[in-house]
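In case you want the letters, here they are:
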Amino acid sequence: MAADGNVLDVAALLSAARRAYERSYGGEAQVAVCAPGRVNLIGEHTDYNQGLVLPMALPLVTVMVGSITSGQSCSVETIAESVDEPKRVDFDLPTESSPLTRGKPAWANYVKGVVQHYRGRPLPAFKAVLASSVPLGGGLSSSASLEVAVYTFLQQLCPDDGDEIAKAVACQQAEHTHAGVPCGIMDQFVSVLGKQGHALLIDCRSLEAVPVPLTDPSLVILITNSNVRHSLTGSEYSSRRKQCENAAAILGKSSLRDATMQDLEGSQESLDSVTYRRAEHVIKEIERTAQAAEALKRGAYKEFGKLMVESHNSLRDLYEVSCPELDVLVTAAMELDGVFGSRMTGGGFGGCTVTLLQADATERTIKHIQERYKGHPTFYITTPSEGARVLSLTGN
Ligand code: GLA
């Protein structure tokens, strides 16, 4: 729930999407699904280095409702208010000789990308409506939730083999080819496989995940959206990825997951100082993530919180993906008693912080952050939720 008391309810989103469907296409939608956004507790910029991450799925979701239609032409509409492009797109089902390609509006590229990479055949044409409570571009994986919602929707029209890892990978591919972002697997993975009441420790090399319980009622996970997004995001993300691949190659490893600090120190002469710092962040962040998951299992929240702050500082100083707004949010949160840890979450250059704190410290922490932050933050008090799922259309 948002701290301003707004319940971001899946049922409300579903009814809004169903009403829009009836208005636009007539008749009732036959299928409804949703897929969540995520917040990453620790393990940042480690996924594309085959490392460890510890995200959880959010109660914030993208909902997709729709029906099969005859012919080859698909129509999709979004009711997201913050979209300032055309809200409807029409496209033909892809064929071998005419695949779906990137175009405008930008939001539709995620839809087209997933249709293109969908693993079931033969896909029928469809008409659908999208609605989302995941803030767009806020670092909570609005794009992965959209991709996974589309994939889950297509599974209802024409089932694939049900392999959930392959589903996450197909959605990641969609983001690579149709949004042009060379992202790792974390966001799509947790949007597919998230587990209520748990964070997921994902090993991005083996693609195995261990659920870590996170239901202590005395604990709160607070997300603070800085509501800023610096334009560097795209280009800086791919340049970080390249720097890491370059570092791994110099160290003679297939990825930084296989490198140790001794390896890095031993090759210091062969690496420029920027590449060295990037690799140092990744190697230590993977280690921190393993330690944090252990600490969480033991209920050692102080230890967990300390690792969160170390992660933030490393992202700020070594990986250089934070920004002044995120730094202020973290510093403000850490000034209060009852706060265990705080850090930027997601790709960086804006978006959100995640803070772990005692439930009884929530109100004063929010108030203090509001006083200290010059912008207009949005707060979400959140709990680990379930991954993508089909929604019932009866009884509403
Ligand atoms: C974005 C990407 C993820 C991951 C994070 C940083 O959210 O989509 O794959 O790399 O940044 O941890």
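Residues numbered from 1 in each chain as written. Predicted model: local features only at pLDDT ≥ 70, side-chain atom pairs only at ≥ 80, totals over all residues. Heavy atoms only, no water.

## Concerning the pairing of strand β11 (residues 350-358)
Heads up, the condition is: When a residue's accessible area, from a 1.4 Å probe over protein chains only, is under 20% of the maximum for its type it is buried; when over 50% it is exposed; and in between it is partly exposed. Only runs of H or I of at least four residues qualify as helices and only runs of E of at least two qualify as strands under DSSP, and these elements are numbered from the N terminus. Strands qualify as paired when DSSP identifies two bridges or more between them.
Counting buried residues along β11, eight of its nine residues qualify, which places the element largely inside the surrounding structure. Here strand β9 (residues 219-229) pairs with β11 via eight bridges, running antiparallel. Paired with Thr224 across the two strands is Thr353, which belongs to β11. Joining the antiparallel neighbours strand β10 (residues 339-345) and β11 is a turn of four residues, in which Gly346 adopts a positive phi near 90 degrees.

## So, the sheet that holds strand β8 (residues 208-213)
For clarity, the cut-off: Contacts were defined at the residue level, with two residues in contact if any of their heavy atoms lie within 4.5 Å. Under this scheme, a helix contributes an axis fitted over its contacting stretch, all axes are lines through C-alpha atoms, and angles between N-to-C directions fall in the 0 to 180 degree range.
The three strands are arranged β2-β7-β8 in an open sheet whose pairing can be described as antiparallel. Edge positions in the sheet fall to β2 (52-53) and β8, since each of these pairs with one other strand and no more. Both β2 and strand β7 (residues 198-203) contribute to a ladder of two bridges, which runs antiparallel. Considered in β7, the bridge of Leu52 is made with Asp203. Against the sheet, helix α5 (residues 186-193) makes contact with β2, β7 and β8, and its axis sits at roughly 135 degrees relative to β7, the strand it touches most.

## Some remarks on the site of the ligand
In plain terms, the rule: In these notes, residues near a molecule or strand are those with any non-hydrogen atom within 4 Å of it. Any pair of N or O atoms that falls within 3.5 Å is considered a polar contact. Within protein, one atom must be able to donate a hydrogen and the other to accept it, and sequence-neighbouring residues count only if both atoms are side-chain atoms. Using protein atoms alone on a 1 Å grid, points that fit a 1.4 Å probe yet trap it form a cavity, whereas open point sets bounded by protein on both sides within 12 Å along at least five of seven lines form a pocket; residues with an atom within 4 Å of a point count as lining. The rule for placing a molecule in a cavity or pocket is simple: more than half of its atoms must lie within 2 Å of the grid points.
Neighbouring the ligand are the residues Arg38, Glu44, His45, Asp47, Tyr48, Cys183, Gly184, Met186, Asp187, Tyr237, Gly346 and Gly347. At 2.6 Å, a side-chain N or O of Glu44 approaches an oxygen atom of the ligand. Here an oxygen atom of the ligand and a side-chain polar atom of Asp47 are 2.5 Å apart. Given that more than half its atoms are within 2 Å of the pocket grid, the ligand belongs to the largest pocket.

## A look at the side chain of Thr355
Counting through the fold element by element, Thr355 comes out in strand β11. A distance of 2.9 Å separates the side chain of Thr355 from the side chain of Ser342, its partner in a polar contact.

## Describing helix α2 (residues 107-117)
Since the α-helix turns once every 3.6 residues, residues separated by three or four places project in the same direction. The buried fraction of α2 amounts to nine of the 11 residues, a majority that puts the element mostly inside the structure. For α2, the elements touching its buried residues are β4 (73-78), β5 (88-92), β6 (125-132), α3 (142-157) and α4 (164-179).

## A look at the packing of α2 against α4
Just so we agree on the cut-off: Angles are sorted into four bins: roughly parallel if under 35 degrees, roughly antiparallel if over 145, roughly perpendicular if 65 to 115, and oblique for all others. By definition, turning the near helix anticlockwise from the far helix through less than a right angle yields a left-handed crossing, and turning it clockwise yields a right-handed one. Residue polarity follows a fixed list, in which Ala, Val, Leu, Ile, Met, Phe, Trp, Tyr, Cys and Pro are nonpolar, Asp, Glu, Lys and Arg are charged, and the others, Gly among them, are polar.
Running from amino to carboxyl end, α2 crosses α4 at an angle of 125 degrees, the nearest separation of the two axes being 8 Å. Taken together, α2 and α4 sit at an angle that is classed as oblique. In this structure, α2 meets α4 at a crossing whose hand is right-handed. On α4, the residues touching Asn109, Tyr110, Lys112, Gly113, Val114, Gln116 and His117 of α2 are Ala170, Gln173, Ala174, Glu175, Thr177, His178 and Ala179. Partitioning the contact of α2 with α4 into residue classes produces five nonpolar, seven polar and two charged.

## Some words on the confidence of the model for the chain
As a reminder, the rule being used: Confidence of the predictor at the level of single residues is given by pLDDT, which spans 0 to 100.
With 97% of its residues at a pLDDT of 70 or more, the chain has an overall mean of 95. Taken element by element, the chain is modelled with least confidence in helix α6 (residues 233-251), mean pLDDT 93, and with most confidence in β2, mean pLDDT 99. Predicted confidence for residues 3-7 stays below pLDDT 50, and this span has five contacts to residues more than four positions away or in other chains.

## Things to note about the nonpolar core
We count it as follows: We call a set of buried residues a nonpolar core when its members are Ala, Val, Leu, Ile, Met, Phe, Trp, Tyr or Cys and they connect through side-chain atoms within 4.5 Å of each other.
Among the nonpolar cores identified, the biggest contains 55 residues, and Leu54, Leu256 and Phe304 are the most heavily contacted of them. Ranked by residue count, the leading element in this core is helix α8 (residues 273-297), at nine residues. In contact with Phe304, not counting residues within four places along its chain, are Leu41, Ile42, Leu54, Ala292, Ala295, Leu296 and Leu356. Grouped together as the second largest cluster of nonpolar side chains are 49 residues, Val53, Val148, Cys158 and Val190 included.

## Some words on the environment of Val134
In this structure, Val134 sits in the loop between β6 and α3. Judged by relative accessible area, which is 3%, Val134 ranks as buried. Residues Val134 and Ser145, 11 residues apart in the sequence, show an inter-C-alpha distance of 8.0 Å. Ignoring anything within four residues of it in the chain, the contact list for Val134 reads Gly37, Leu60, Val61, Thr62, Leu140, Ser141, Ser142 and Ser145.

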